[in-house]
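An overview of the molecular structure
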Amino acid sequence: MVGVGLLVILGKQGAGKGTQCPRLAERYGVPHIATGDMLRSAVRSGSELGQKIRKLMDDGHLVPDEVISEVVAHRLILPDCARGAILDGYPRTETQAHTLDELAGQSGITRCIVLDVPTPIVVARLSARRVCASCGTVYSADPPPGPSTCTVCGGQVIQRADDTAEAISERLAAYERETKPLLDHYQMRGLLTHVDGQGTLDEVFARLVDVIDGAAQA
Ligand code: ADP
């Protein structure tokens, strides 16, 4: 695979993956594959898949491995992934990590970056997070009350159903239980880099670019 290759971005909910990944995708000219966004769009469309997973997602639970892996497998074979992709939200379990190894084939995963942010900070970020119900632009209700209308598309700015206190705590518990062990999976293969996710958006972005450009030269 010529290009940036397959980059996996890990980190707790609220670590900034959804903010940084689109910028990385633009810089490197590869698609941003955000499984949460894909699943939310399935829920919005009312498709059979959407109906099946809506409650799981609203309650902060993971959807079954085979469901999400099929969604990702169909996405990765599209021609725009030929030079690579930024994976945000996948893999989240060891089973998914093994499936991704198979999907990535011989070219494999270029690098796995984990955005480190302490739990109390991500809880505060998620509790204040608001999103445009139409285009998904992310806002903050800190300081309150935050915007009610999206400045990009004029849509209604709302709180995500899984950004309630209970769902946040369930999601962070799922991260500790299911996703954190993946750090070892990538560490053992020499693919893991930690990046400090605190600081301004531009500072964090610059750190990510340094890592990715360094990996490309290695
Ligand atoms: P967050 O990382 O903040 O939970 P996302 O938008 O990435 O937000 O994901 C939202 C929800 O979508 C998750 O709580 C889960 O229900 C579902 N989901 C996304 N990716 C996966 C995955 N790889 N495996 C299982 N469920 C997933």
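The structure this text deals with has already been given above.
Described in the following lines is the structure provided in the data block. (Residues numbered from 1 in each chain as written. Predicted model: local features only at pLDDT ≥ 70, side-chain atom pairs only at ≥ 80, totals over all residues. Heavy atoms only, no water.)

**Examining the packing of helix H2 (residues 35–45) against helix H3 (residues 48–58)**
Working note: a packed helix pair is described by the angle between its axes plus the distance between those axes. Heads up, the condition is: Lines are fitted to the C-alpha atoms to define the axes, a helix being fitted only along its stretch in contact, and any angle between axes, read from their N-to-C directions, falls within 0 to 180 degrees. Only DSSP runs of H or I covering at least 4 residues are called helices, and only runs of E covering at least 2 are called strands; the numbering of each starts at the N terminus. When the near helix sits turned anticlockwise from the far one by under a right angle, the crossing is termed left-handed; a clockwise turn instead gives a right-handed crossing. Contacts are residue-level and defined by heavy atoms, with any inter-residue pair within 4.5 Å sufficient. Amino acids outside the nonpolar list (Ala, Val, Leu, Ile, Met, Phe, Trp, Tyr, Cys, Pro) and the charged list (Asp, Glu, Lys, Arg) are all regarded as polar, and Gly is one of them.
Direction vectors running N to C along H2 and H3 enclose 115 degrees, while the axes themselves pass 8 Å from each other. Helix-helix and strand crossings are classified by hand; for H2 and H3 the assignment is left-handed. Across the interface between the two elements, Gly 36, Leu 39, Arg 40, Ala 42 and Val 43 of H2 pack against Leu 49, Gly 50, Ile 53, Arg 54 and Met 57 of H3. A breakdown of the residues in the contact of H2 with H3 according to their chemical character gives 6 nonpolar, 2 polar and 2 charged.

**Quick look at the site of the ligand**
Just so we agree on the cut-off: Note on definitions. A residue lies near a molecule or strand when any single heavy atom of the residue is within 4 Å of it. Pairs of N or O atoms within 3.5 Å make up the polar contacts considered here, provided that, within protein, one atom can donate a hydrogen while the other can accept it, and that residues adjacent in sequence are counted only when both atoms are side-chain atoms. For accessible areas, the Shrake-Rupley method is used with a probe of radius 1.4 Å. Any residue's cover is judged against the shown protein chains and nothing else.
Looking at the ligand, there are 18 residues lining it, with Thr 35, His 61, Gly 89, Arg 92 and Arg 171 nearest. Arg 160 has a polar side-chain atom sitting 3.0 Å from an oxygen atom of the ligand. Separating an oxygen atom of the ligand from a side-chain N or O atom of Arg 171 is a distance of 2.5 Å. Relative to its free-state accessible area of 540 Å², the ligand is covered by the protein chains to the extent of 96%. Ranked by residues supplied to the shell around the ligand, first place goes to H2 with 4 residues.

**Some thoughts on the environment of Arg 44**
Among the secondary structure elements, Arg 44 is positioned in helix H2. For the pair Arg 44 and Thr 149, spaced 105 residues apart in the sequence, the C-alpha separation amounts to 19 Å.

**Some words on helix H7 (residues 165–179)**
Quick note on the threshold: For a helix, the expected span equals 1.5 Å multiplied by the number of residues minus one. Only protein chains enter the accessibility calculation, which uses a 1.4 Å probe. A residue is then buried if its area is under 20% of the maximum for its type, exposed if over 50%, and partly exposed in between. Directions pointing from the helix axis toward each C-beta atom define the arc.
When the terminal C-alpha atoms of H7 are compared, their 20 Å separation across 15 residues agrees well with the 21 Å that a helix rising 1.5 Å per residue should span. Listed in full, the buried residues belonging to H7 are Ala 167, Ile 168, Arg 171, Leu 172, Ala 174, Tyr 175 and Thr 179. In an axial view of H7, the angular spread of the buried residues amounts to 155 degrees, which keeps them on one side of the axis. In H7, those exposed residues whose orientation departs by more than 90 degrees from the buried face are Ala 165 and Glu 166. Where H7 is buried, its residues meet strand S1 (5–10), H3, strand S4 (109–116), helix H6 (119–128), strand S5 (129–132) and helix H8 (181–187).

**Some thoughts on the sheet that holds S4**
This is how the line gets drawn: Two strands pair if DSSP finds at least two bridges between them.
One open sheet holds the 5 strands; their spatial order is S2-S3-S1-S4-S8, and the pairing between them is parallel. Two strands bound the open sheet, and with one partner strand each, they are strand S2 (32–34) and strand S8 (192–196). Here the average twist between neighbouring strands, direction ignored, is 25 degrees. As judged from the 5 bridges shared by S1 and S4, these two strands associate in the parallel manner. Bridging from a neighbouring strand, Leu 6 pairs with Ile 109 of S4.

**Points about helix H5 (residues 94–104)**
The set of residues buried in H5 consists of Gln 96, Ala 97, Leu 100 and Ala 104. Looking down the long axis of H5, one finds its buried residues gathered within 100 degrees of arc, a one-sided arrangement. Gly 105 lies just past H5 and shows a positive phi near 60 degrees.

**Here's the deal with the side chain of Thr 93**
By the secondary structure assignment, Thr 93 is in the loop between strand S3 (84–88) and H5. Note on Thr 93: relative accessible area 6%, which makes it buried.

**Structural notes on the packing of aromatic side chains**
Which entries qualify depends on this criterion: Ring pairs are drawn from Phe, Tyr and Trp, using the six-membered ring of Trp, whenever the two centres fall within 6.5 Å, and their geometry is named by plane angle: stacked under 30 degrees, edge-to-face over 60, tilted for the rest. Any Lys NZ or Arg CZ that is within 6 Å of a ring centre and within 35 degrees of that ring's normal is treated as a charge sitting over the ring.
The tally for this structure, following the rule as stated, stands at 0 aromatic pairs. The aromatic ring of Phe 205 is capped on one face by Arg 23, whose charged end is 4.6 Å from the ring centroid.

**Things to note about the environment of Asp 37**
Residue placement: Asp 37 occurs in helix H2. Along the chain, Asp 37 and Gly 136 lie 99 residues apart, while their C-alpha atoms are 8.5 Å from each other. Within polar-contact distance, the side chain of Asp 37 engages the side chain of Arg 40 at 2.7 Å.

**A word on the nonpolar core**
Note the following rule: We define a nonpolar core as any set of buried Ala, Val, Leu, Ile, Met, Phe, Trp, Tyr and Cys residues linked to one another through side-chain atoms lying within 4.5 Å.
Core analysis: the largest hydrophobic core is formed by 29 residues, its most contacted members being Leu 6, Val 8, Leu 10, Leu 76, Leu 100, Ile 109 and Tyr 186. Of all the secondary-structure elements, those providing two or more residues to this core are S1, H2, H3, helix H4 (65–76), S3, H5, S4 and H8. No other element matches H4, which puts 4 residues into this core.

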